[in-house]
Amino acid sequence: MKDSRRSRLFLGLLLAVALVLITVDHRSENTPVFGPLRTIVTSAFGTVERGVSTITEPIGGFVGALAGAQGSREQITSLKAQNAELEGELSSQRIDKRRSAELQAMLGLSGLGGYKVVPAQVVARRASPGFEDAVEIDAGTADGIKPDMTVLNGQGLVGRVVRATTSTATVVLLCDPASSTGARIENSGELGVISGLGANGNSGRRIMFRLLDSTLPITVGTRLVSFGSQQGVPYVAGVPIGVIEKVEATPGELTRTAYARPFADLSSVDVVGVVVEGPKRDPRDALLPPAPKPAAKPKPKPKPATTALPGGQAPPQVARPGAVTPETGPANQAPADPGNTAPENTRDGDAAPENTAPDNTAPDNTAPGDTRTPGGRDGETSISDDEAA
């Protein structure tokens, strides 16, 4: 009991002293006695506080990290799930946008040609018995699809239906080696047969075309459309097929062989249309894409203008050394004058005299009948030695 009273007394005394010091410090903030003292005490305790904080701060951070680790993991997991969801939505939007464009192109082509189609989407690509290149679509007999129906997309011919169930159908592609269809050359009635090349066709990027008449010309850039069958089975008429890229010479054979690039990308078929009813009239070449324009020929460079001399005369033309012209003869030199010939054995630096021959001009009062020497120039005459004597 005695110790408890002393403890309470000592605690009360400390509290009283603390209150006195706080009161004095508050009231004597600007006094010259307590101001410097407070500054010294603050600096000392501030140094101690910084040291303690330097030691305890990493420990406190570590303890806080351990306490919040579980919450951080949950937050990271939630953010990853949200990111994956957003990426999936963005990818779906891109796929939907692309499929929408393909669907619009396919409906535009079928509407222009007068085909009644059932839209479908490729759900799988697998080999079918007897065929190498075939795809599975998500439409079947419940949608009016039957075997031997034409399949196309927004660019051109894709293939034909070979098998159909209630909700799915198998389509053999145009590039399959077992696939063949009649084709017609653009703006012509010439016929041929399209055949697939399978693995030799660079993943459906090339098909073979055989022209029935080997005497007819066929060039690179020629475009092909489907010829069509009776009642549009298995192919309707007028669907774009491809463009010729290579022609092979086949001497001695009854047909001519060429290789064409299909308009439809058979390696990545997605949205297609199955023709359930053909057109009443053959669209002919109306569905072909616009032909590429030929490259513009370069304009010829303008010739430099020649300056006319006074009097309407053209400037003299300088001939190259060794050139022969009617005016100057070979080597662009004037004909030699027997009477005005420079000596051949001139030394270096010596110039040949201009007129080494004697003056053979006739006097002004030359009698008529004087003869002209062979070496004389036009308009010059000379007299013989007898007459001079």
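Reading guide: rules and limits
- Residues numbered from 1 in each chain as written.
- Predicted model: local features only at pLDDT ≥ 70, side-chain atom pairs only at ≥ 80, totals over all residues.
- Heavy atoms only, no water.
- Helix = DSSP H or I, 4+ residues; strand = E, 2+ residues; numbered from the N terminus.
- Buried < 20%, exposed > 50% of the residue type's maximum accessible area, 1.4 Å probe, protein only.
- Contact = heavy atoms within 4.5 Å.
- Areas by Shrake-Rupley, 256 points an atom, 1.4 Å probe, with all protein chains shown as cover.
- Pairing = 2+ DSSP bridges.
- Lys, Arg positive; Asp, Glu negative; His and termini not counted.
- Salt bridge = Lys/Arg side-chain N within 4 Å of Asp/Glu carboxyl O.
- Axes fitted to C-alpha atoms, helices over the stretch in contact; angles between N-to-C directions.
- Core = buried A, V, L, I, M, F, W, Y, C linked by side-chain atoms within 4.5 Å.
- pLDDT = per-residue confidence, 0-100.

## Some words on the overall build of the protein
For the protein, the count of helices and strands is 3 helices and 12 strands. Classification of the 389 residues of the protein by burial places 26% in the buried group. If you take every contact in the protein between residues at least 6 apart in sequence, the share linking residues at least 24 apart comes to 57%. Total accessible area on the protein is roughly 27100 Å²; 56% of this is exposed by carbon and sulfur atoms.

## Examining the environment of Leu173
Within the element layout of this structure, Leu173 appears in strand 5 (residues 169-173). You can call Leu173 buried: its relative accessible area is 0%. The sequence separation of Leu173 and Gly204 amounts to 31 residues, and the corresponding C-alpha distance is 8.6 Å. When near neighbours in sequence (up to four residues on either side) are disregarded, Leu173 contacts Arg125, Asp133, Val135, Val158, Gly159, Ser179 and Leu266.

## Overview of the pairing of strand 10 (residues 240-248)
By the bridge criterion, 3 bridges tie strand 9 (residues 223-226) to strand 10 in an arrangement that is antiparallel. Pairing of Leu224 across the sheet is with Gly242, part of strand 10. Looking at chain direction, strand 10 and strand 11 (residues 256-262) are connected through 6 bridges and run antiparallel. Across the sheet, the residue bridging to Ile244 is Ala260, located in strand 11.

## Some thoughts on the side chain of Asp176
Within the secondary structure layout, Asp176 lies in the loop between strand 5 and strand 6 (180-185). Despite being buried, Asp176 has no salt bridge partner; Arg160 is the closest side chain of opposite charge, sitting 7.7 Å away. With residues up to four places along the chain from it excluded, the contact list for Asp176 reads Phe131, Glu132, Asp133 and Gly196.

## Observations regarding the sheet that holds strand 1 (residues 116-125)
Pairing is antiparallel around the closed barrel formed by 6 strands, whose spatial order is 1-2-5-4-3-12. Direction aside, the axes of adjacent strands within the sheet are offset by 45 degrees on average. Alignment of strand 3 (residues 150-152) against strand 12 (residues 271-277), held across 2 bridges, turns out to be antiparallel. Bridge pairing in strand 12 places Leu152 opposite Gly273.

## Considering the nonpolar core
Counting 45 residues, the largest nonpolar core has Ile137 and Phe209 as the members making the most contacts within it. Here this core takes 4 residues from strand 1, the largest share from any one element. In this view, Ile137 contacts Ala120, Gln121, Val122, Val123, Ile145, Ser167, Thr168, Ala169, Val171, Val272 and Val274; residues no more than four positions away in its chain are not counted.

## Quick look at the sheet that holds strand 9
Read once around its circumference, the closed barrel built from 6 strands follows the order 6-7-8-11-10-9, with strand pairing classed as antiparallel. Averaged over neighbouring strand pairs, the angle between their axes works out to 40 degrees when direction is ignored. Across 5 bridges, strand 6 lies against strand 7 (residues 191-195) in antiparallel orientation. Considered in strand 7, the bridge of Ala183 is made with Gly192.

## Some remarks on the pattern of salt bridges
For the structure on display, the rule yields 9 salt bridges. Residue Arg160 pairs with Asp148 through a salt bridge whose shortest N-O separation is 3.2 Å. Separated by 12 residues along the polypeptide, Arg160 in strand 4 (residues 157-164) and Asp148 in the loop between strand 2 (134-137) and strand 3 bring together distant segments of the chain. Classification of Arg160 as buried rests on a relative accessible area of 17%. Put simply, Glu245 and Arg206 hold a salt bridge, and the shortest N to O gap is 3.5 Å. Note that Glu245 is positioned in strand 10 and Arg206 in the loop between strand 7 and strand 8 (207-211), a separation of 39 residues in sequence. Shared partners join several salt bridges into a network, and the residues in it are Arg98, Arg99, Glu102 and Asp270.

## Some remarks on the confidence of the model for the protein
The pLDDT averaged across the protein works out to 75; a share of 65% of its residues lies at or above 70. Residue range residues 323-389 is modelled with pLDDT below 50. Its contacts to residues more than four positions away, or to other chains, number 34 contacts.

## Some details on the side chain of Ser179
With respect to the secondary-structure elements, Ser179 resides in the loop between strand 5 and strand 6. Excluding its chain neighbours within four sequence positions, the residues that come into contact with Ser179 are Leu173, Leu174, Ile194, Ser195, Gly196 and Tyr235.

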